[in-house]
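What the coordinates show
As a plain string of letters, each chain reads:
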Amino acid sequence: MEEKKVNPIRMQQILVAVSVALFVIKLVAWWLTSSVAILTDALESSVNVIAGFIGLYSIILSSKPRDKEHPYGHGKVEFLSSAIEGVLITIAGLIIIYEGINNFIHPHELKQLDFGLALVALTGAINYLVGYYCIKKGKEENSPILVASGSHLQSDTYSSIGLLLGVGLILLTGYAWIDSVAAIIFAFIIIYTGYKIIRKSVSGIMDEADDAIIDQIVVILNEHRQDDWIDVHNMRVIDYAGFYHIDCHLTVPYYINVNEAHEVLDRLTILFKQHFDDKVEFFIHVDGCIPAKQCGICNVPNCPVRQSPFINHVSWTHENILSNNKHTLKNEKFS
């Protein structure tokens, strides 16, 4: 049975509601315990709430259709939103470090740690389950903001596990300073998570090559190659947060007419769309072959201008398909 696709907007609405509920629970846990470690966990949850609303706005905006001012759609806003979330996470980590150090200097009494422990465990379990589902659906829908939100929720879970250990040690030993140590350790974990989110977002904004998509394209081309697809090169892929713009050069027999060349392009475009649905747009430039150089890799039957026999195809790879040069059997390259 085919799994129903998730609505990214609906998913983000759920995330916002969950973030608000967990933030309130953590505030209650901090109020009951006076634990700075639990306070820092609540501070991070406040970032979840802010980032959740930012993410919801960005997903609504990115779902708008392309228009005259935005011919490639509005998907890039998701990368910007993820970057903002990453920055907020990092700031929360720095605040946590400050609070942890301050608690060393000005310690205060802890209370009702057992009840606070139960509340932290509850929020951690909820965060992990929602975060796991969010990351899974975000990857399926290729939504950076959903993946970022899910990663943030799961980082909350890891923080909660650390908090449980830290507060548990306080209960067993009576050493209140463990509260500050735990808070500072969690802060560095949070900052690292923020860095990873920022790094991925900047990559999307800067149109960094998506190696996974290029690898998929290489496999598809090699498995379904046709005789009149003599060579593919100068491929570029731009990710608009779930919508891919792909352009490349396709070498075909130089003597065919425009209509015949268009038919070759149609076959290639249909093949890609079968694998990427409606999430891809192609701009394919047609090159004519050069018989003196490329007959050895061309298996077009009954070619009227062949100057040497076909020997073997050049296997397209991640490296050679990106090169802005035509290929030959001996890997000679020429524009």
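Structure shown above.
Notes on the structure in this doc start here. (Residues numbered from 1 in each chain as written. Predicted model: local features only at pLDDT ≥ 70, side-chain atom pairs only at ≥ 80, totals over all residues. Heavy atoms only, no water.)

1. Some points on empty space enclosed by the protein
- Under the defined criterion, the tally for this structure stands at two cavities of 30 Å³ or more.
- As a volume, the largest cavity reaches approximately 60 Å³.
- In terms of lining residues, the largest cavity is bounded by 11 residues, among which Ser19, Asn48, Gly52, Glu85 and Ser149 are the most central.
- Counting only elements with at least two residues in the lining of the largest cavity, the list comes to helix 1 (8–33), helix 2 (36–62) and helix 5 (144–173).
- Ranked by the residues each element gives to the lining of the largest cavity, the list is headed by helix 1, at four residues.
- Here the residues of the lining of the largest cavity are counted per class, giving four nonpolar, six polar and one charged.
- Its boundaries defined by the atoms lining it, the second largest cavity holds a volume of some 50 Å³.
- In this structure, the second largest cavity is lined by Cys289, Pro291, Gln294, Cys295, Cys298, Cys303, Val305 and Arg306. (1 Å grid on protein atoms, 1.4 Å probe; cavity = no way out; pocket = protein on both sides within 12 Å on 5 of 7 lines; lining within 4 Å. Points joined across faces, edges and corners; volume = space filled by probe spheres on them. Helix = DSSP H or I, 4+ residues; strand = E, 2+ residues; numbered from the N terminus. Nonpolar A, V, L, I, M, F, W, Y, C, P; charged D, E, K, R; others polar.)

2. Focus: the environment of Leu265
- Looking at the secondary structure, you find Leu265 in helix 8 (residues 258–276).
- A C-alpha to C-alpha distance of 9.9 Å links Leu265 and Phe282, two positions 17 residues apart in sequence.
- The residues contacting Leu265, other than those within four sequence positions of it, are Leu250, Ile284 and Val286. (Contact = heavy atoms within 4.5 Å.)

3. Some details on unusual backbone geometry
- Positive phi is not limited to glycine here, since Asn234 has a value of about 55 degrees.
- Within the secondary structure, Asn234 is located in strand 1 (residues 231–239).
- A positive phi angle, close to 55 degrees, is found at Asn302, a residue other than glycine.
- On the secondary structure map, Asn302 appears in the loop between helix 9 (291–294) and strand 4 (326–327).
- Here Asn302 falls in the exposed class, since its relative accessible area comes to 78%. (Buried < 20%, exposed > 50% of the residue type's maximum accessible area, 1.4 Å probe, protein only.)

4. Concerning a nonpolar patch on the surface
- Among the surface-exposed residues, Tyr128, Leu129, Tyr132, Tyr133, Tyr158, Ile161 and Leu165 lie close enough to one another that they form a single nonpolar patch of about 750 Å² accessible area.
- For the nonpolar patch, the secondary-structure elements that each account for two or more residues are helix 4 (113–141) and helix 5.
- In terms of residues, the nonpolar patch owes the most to one element, helix 4, which gives four residues.
- Assignment of secondary structure puts Tyr133 in helix 4.
- Judged by relative accessible area, which is 37%, Tyr133 ranks as partly exposed. (Patch = residues over 30% accessible without salt bridge, like charges linked within 9 Å, V, L, I, M, F, W, Y side chains within 5 Å. Areas by Shrake-Rupley, 256 points an atom, 1.4 Å probe, with all protein chains shown as cover. Salt bridge = Lys/Arg side-chain N within 4 Å of Asp/Glu carboxyl O.)

5. What to know about the nonpolar core
- Ile217, Leu221, Met235 and Leu250 are the most contacted members of the largest nonpolar core, which totals 26 residues.
- Taken together, the elements giving at least two residues each to this core come down to helix 7 (211–224), strand 1, strand 2 (244–252), helix 8 and strand 3 (280–288).
- Excluding its chain neighbours within four sequence positions, the residues that come into contact with Met235 are Ile217, Leu221, Ile246, Asp247, Cys248, Ile321 and Leu322.
- Listed in part, the 20 residues of the second largest apolar core include Ile97, Ala148, Ala183 and Ile190. (Core = buried A, V, L, I, M, F, W, Y, C linked by side-chain atoms within 4.5 Å.)

6. Some points on the packing of helix 7 against helix 8
- At a closest axis distance of 11 Å, the pairing of helix 7 and helix 8 adopts a crossing angle of 125 degrees. The angle between helix 7 and helix 8 places the two elements in the oblique class. Here helix 7 runs over helix 8; the crossing is right-handed. Where helix 7 abuts helix 8, its residues Ile213, Gln216, Ile217, Ile220, Leu221 and His224 lie against Leu268, Leu271, Phe272, His275 and Phe276. (Axes fitted to C-alpha atoms, helices over the stretch in contact; angles between N-to-C directions. Parallel < 35°, antiparallel > 145°, perpendicular 65-115°, else oblique. Left-handed = near helix turned anticlockwise from the far one by under 90°.)

7. As for the side chain of His233
- Secondary-structure assignment places His233 in strand 1.
- Taking relative accessible area as the criterion, His233 reaches 2% and is therefore assigned buried.
- Within the local environment of His233, its side chain forms a polar contact with the side chain of Asp231, the two groups lying 3.2 Å apart.
- Ignoring sequence-local partners within four residues, the contact set of His233 consists of Cys248, His249, Thr251, Asp287, Asn320, Ile321, Ser323, Asn324, Asn325, Lys326 and His327. (Polar contact = N/O pair within 3.5 Å; in protein donor to acceptor, adjacent residues only side chain to side chain.)

8. Notes on helix 7
- Its 14 residues place the ends of helix 7 20 Å apart at the C-alpha level, agreeing with the 20 Å of an ideal helix rising 1.5 Å per residue.
- Among the residues making up helix 7, those that are buried are Ile213, Ile214, Ile217, Val218, Ile220 and Leu221. On an axial view of helix 7, the arc spanned by its buried residues comes to 165 degrees, and they lie on one face. (Expected span 1.5 Å × (residues − 1). Arc of directions from axis to C-beta.)

In short, shape yes, function no, at least from these values alone.
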